[in-house]
Amino acid sequence: MASGIYGLSGSGMDIDSLVKNMMKTQQSKYDNIYKNKVQTEWKKSDYNSIYKSLNTFRFSTLSNYKLQSNMAARSATAQDTTIATAVANGDAGEMTHDISVTKLAQNAYLQSTAITRDNATAPKSINLPDVINVQYPAGITDEEKKTKIGLSFTVNDGSNTAQTISYTYSQLEGKTLNDVASDINKLNINITASYDAVNDTFSLYNKKGGSTNTVGIAVNAGSVENPISTEGQANTEKLFTNLKLASYDSVNKTLGSEIALTAATPISVTGVSAEAKIDGKIYTADSNKITAAGVTYTLNKIGETKVNVTNDVDKIVENVKKFVEDYNKMLDTMNSKISETRYKDYKPLTDDEKAAMKEDQVKSWEEKAKSGLLNNDTIIRGVVYDMRDALSDSIDGLTGKYTSAASIGITTTSYTEKGKIQLDENKLRNALKEDPDVVYKIFGTTGSDRDSQGIANRLSAVAQTGMTNISKEAGISSSDDQSVLGIKIDSYESQMKKMLDIMDKRQTQLYKQFNAMETAIASLNSQYSFVNQYTSGSLT
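Just so you know, these numbers come straight off a predicted model, no measurement behind them.

*Asks:* Report on the overall build of the chain, specifying residues and quantitative values.
*Replies:* Helices and strands together make up the secondary structure of the chain, namely 16 helices and 19 strands. Here the C-alpha atoms of the chain give a radius of gyration of 42 Å, more than 25% beyond the 24 Å that 2.2 N^0.38 yields for 540 residues. Along the three orthogonal principal directions, the C-alpha set of the chain runs to about 130 × 90 × 40 Å. Put simply, of all contacts in the chain between residues at least 6 apart along the chain, 70% involve residues at least 24 apart. Accessible area for the chain stands at about 28300 Å²; split by element, carbon and sulfur atoms hold 48% of it.

In structure tokens:
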């Protein structure tokens, strides 16, 4: 908008104030559009907040109550926990299992017994030329050292293609044991290598256990087209011989005999698969965890024990209590919005209006202006009603005395609580005594239609419908969108822009008119001064 440039003119009139007063009608129209836009943005923000709450309720909160492991929880207890421990999921039956552990899983693991160095004057050196007396082909030049391979080996983990590490003679002369370990780790296979300087120990182990996973080291002789010299192969043999690697038995906690590496005989150690007989059937695994019939066993040592699976009533009750808390929290979030007081006389403030008020007055005003924008909102109210119905209606397909939330002790409170629910714990525990799976049936049952679904699935569908309706009305964030309110905000912005253009033109026109008036007054004043001087005789 154009601004005044005159101040007090020769006419004695305050032109800026006159223009401002004459622009009041247009400014009022602009301010009303601005206030409508801001109010719509606030309403959109309130919707977006509810959307986020429903999204969390659907995908995070309710997911917990669809799980059999939570709503039909089982407890597994081993008679001898030194042999094995166990955890049961919701699929496990209430019964006693027999388990006989015959093998424990082991990782393929190589470790130095004591590293030997060819350079006796450097007993703790990590430099490869000290660990081995590097052999060179006769007559090799410095230039050839940069290209000829002086040491090369392959590493194999049993599940990936063997990977090769090679050093030219120039590289070999500058490498350390730490470099060898680092280069092995960079292969991105299941083998981890390390050098422990404190204990002067080199080790390699496969990150996966089981009989199919290995640690394999072999001398690389190159190819027919690019063979590696005898000296280069000898350097590789010597390095791993001097490392004095031996296989570690993690069950018996013993380190075996040193394994020599030759071109003809690679080093290869294999892991061991866990093995256990559970209820007469033999199971194997790469780790010491074996799952059978809904029970996961952790094997600790060889031996026999029994595992008793029972219904974990306390855990189920705690999960139902948590559901009641989560449900009521979601209901509170929506009820607080649709019942919030609406102050229709309090509109958003313009910058000029804020400037004329104290900070605490502005804060108090805007709290009222933002209040109740979703008062009695049909979308949010619909979600609240549908949540109540989802909880109260019986579930088709369930038979017997337990077919609804109320039948296991989940009921609504008084009318003044606006649909909140409560739990009769004794009623729930009695239901679980009669039917250990009753809670999972009430919550997690899946069906082809709404009436045959459990309450967790019903509530999830209600939340999804609410989110869809909110998205159409207000989008899902504060960014531009094609929702009803998003389009409305765009329209207000367009109206404001047009109104500014109109006001600019009107203001420019007014200043031009006053400028013409000032010019005319100045001309009259000049003529008057001339006549006055003439009649007073001051002009000759």
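*Asks:* Please provide a residue-by-residue account of helix α13 (residues 425-434), values included.
*Replies:* Among the residues making up α13, those that are buried are L428, A431 and L432. Buried residues of α13, viewed axially, fall in a sector of 100°; they line one side. Projecting away from the buried face of α13 at angles above 90 degrees are the exposed residues N426, K433 and E434. Along its buried surface, α13 packs onto β17 (303-311), α9 (313-338), β19 (421-423) and α14 (438-444). Of the residues that open α13, the one with a side-chain oxygen 3.3 Å from the backbone nitrogen of N426 is D424.

*Asks:* Can you tell me about the sheet that holds strand β1 (residues 74-78), naming the residues and giving the values?
*Replies:* Pairing in this open sheet of five strands is antiparallel, and the strands run β1-β17-β3-β13-β14 from one edge to the other. For this open sheet the edge positions go to β1 and β14 (281-285), each flanked by a neighbour on one side alone. For this sheet, the mean angle separating the axes of adjacent strands, direction not counted, is 30°. In this structure, strand β3 (residues 96-103) lies alongside β17, joined through six bridges in antiparallel fashion. Looking at β17, one finds that S100 is bridged to E304.

*Asks:* An account of the nonpolar core is requested, with residue identities and associated values reported.
*Replies:* L54, F323, M334, M387, I408, V439 and F443 are the most contacted members of the largest nonpolar core, which totals 50 residues. Mapped onto this core, the elements with two or more residues apiece are α2 (24-64), α9, α12 (378-392), α13, α14 and α15 (455-474). The element best represented in this core is α9, accounting for ten residues. Ignoring anything within four residues of it in the chain, the contact list for M387 reads F57, Y327, M330, L331, M334, L459 and V462. In terms of nonpolar packing, the next biggest core, distinct from the first, is built from 36 residues, A108, I191, L239 and F240 among them.

*Asks:* Help me get a handle on the environment of P129, residues and values and all.
*Replies:* Considering the arrangement of structural elements, one finds P129 in helix α4 (residues 128-131). With a relative accessible area of 30%, P129 lands in the partly exposed category. Between the alpha carbons of P129 and K175 there is a distance of 8.0 Å; along the sequence they are 46 residues apart. Setting aside its immediate chain neighbours within four residues, P129 contacts V134, L172, E173 and K175.

*Asks:* Give me the lowdown on the environment of V180, citing residues and values where you can.
*Replies:* Its location among the elements puts V180 in helix α7 (residues 177-185). The exposure class assigned to V180 is buried, which follows from its relative accessible area of 2%. For the pair V180 and I165, spaced 15 residues apart in the sequence, the C-alpha separation amounts to 8.7 Å. Setting aside its immediate chain neighbours within four residues, V180 contacts L128, F153, Y167 and F202.

*Asks:* Would you mind going over the side chain of T350 in detail, with residue names and values included?
*Replies:* Locating T350 in the fold gives a position in the loop between α9 and α10 (351-355). Classification of T350 by relative accessible area gives buried; the value is 7%. Those residues in contact with T350, other than ones at most four positions away along the chain, are D31, Y34 and K35.

*Asks:* Which residues make up α12, and what values go with them?
*Replies:* The terminal C-alpha atoms of α12 lie 21 Å apart, and with 15 residues this matches the ideal 21 Å at 1.5 Å per residue to within 8%. Residues of α12 that are buried include every one of I379, I380, V383, V384, M387, A390 and L391, and no others. End-on, the buried residues of α12 take up no more than an arc of 145°, which puts them together on one face. Against the buried residues of α12 lie α2, α9, β18 (410-412), β19 and α15. A side-chain oxygen of the first residue of α12 lies 3.1 Å from the backbone nitrogen of I379; this N-cap is D377.

*Asks:* Lay out the layout of surface pockets with the relevant residues and their values.
*Replies:* Empty space within the second largest pocket amounts to approximately 210 Å³. Taken together, N335, I338, S339, N376, R381, V384, Y385, R388, S414, Y415, K418 and G419 make up the lining of the second largest pocket. Looking at which element gives the most residues to the lining of the second largest pocket, the answer is α12, with four residues. Each residue belonging to the lining of the second largest pocket can be placed in one class, and the counts come to four nonpolar, five polar and three charged.

*Asks:* With reference to specific residues and values, describe the packing of aromatic side chains.
*Replies:* Counted under the stated rule, the structure contains ten aromatic pairs. Ring centres of Y65 and F323 lie 5.3 Å apart, and the angle between their planes is 80°; on these two criteria the pair is classed as edge-to-face. Of this pair, Y65 sits in the loop between α2 and α3 (68-71) while F323 sits in helix α9, placing them 258 residues apart in sequence. Accessibility classification places Y65 together with F323 in one group, the buried group. Taking the centre distance of 4.5 Å and the plane angle of 55° together, the rings of Y346 and W365 count as tilted. Separated by 19 residues along the polypeptide, Y346 in the loop between α9 and α10 and W365 in helix α11 (residues 359-370) bring together distant segments of the chain. Of the residues examined, Y346 reaches a relative accessible area of 26% and is grouped as partly exposed. Here the aromatic residues Y65, F323, Y327 and F443 are joined through ring pairs into a cluster of three or more. The ring of Y136 has K145 lying over it, and the distance from NZ or CZ to the ring centre is 4.8 Å. Across the ring face of Y343, the terminal group of K368 is positioned such that the distance to the ring centre comes to 5.7 Å.

The rules we used
- Residues numbered from 1 in each chain as written.
- Predicted model: local features only at pLDDT ≥ 70, side-chain atom pairs only at ≥ 80, totals over all residues.
- Heavy atoms only, no water.
- Helix = DSSP H or I, 4+ residues; strand = E, 2+ residues; numbered from the N terminus.
- Rg over C-alpha atoms; globule rule 2.2 N^0.38 Å.
- Contact = heavy atoms within 4.5 Å.
- Areas by Shrake-Rupley, 256 points an atom, 1.4 Å probe, with all protein chains shown as cover.
- Buried < 20%, exposed > 50% of the residue type's maximum accessible area, 1.4 Å probe, protein only.
- Arc of directions from axis to C-beta.
- Polar contact = N/O pair within 3.5 Å; in protein donor to acceptor, adjacent residues only side chain to side chain.
- Pairing = 2+ DSSP bridges.
- Axes fitted to C-alpha atoms, helices over the stretch in contact; angles between N-to-C directions.
- Core = buried A, V, L, I, M, F, W, Y, C linked by side-chain atoms within 4.5 Å.
- Expected span 1.5 Å × (residues − 1).
- 1 Å grid on protein atoms, 1.4 Å probe; cavity = no way out; pocket = protein on both sides within 12 Å on 5 of 7 lines; lining within 4 Å.
- Points joined across faces, edges and corners; volume = space filled by probe spheres on them.
- Nonpolar A, V, L, I, M, F, W, Y, C, P; charged D, E, K, R; others polar.
- Phe/Tyr/Trp six-rings, centres within 6.5 Å; stacked < 30°, edge-to-face > 60°.
- Lys NZ or Arg CZ within 6 Å of the ring centre and 35° of its normal.

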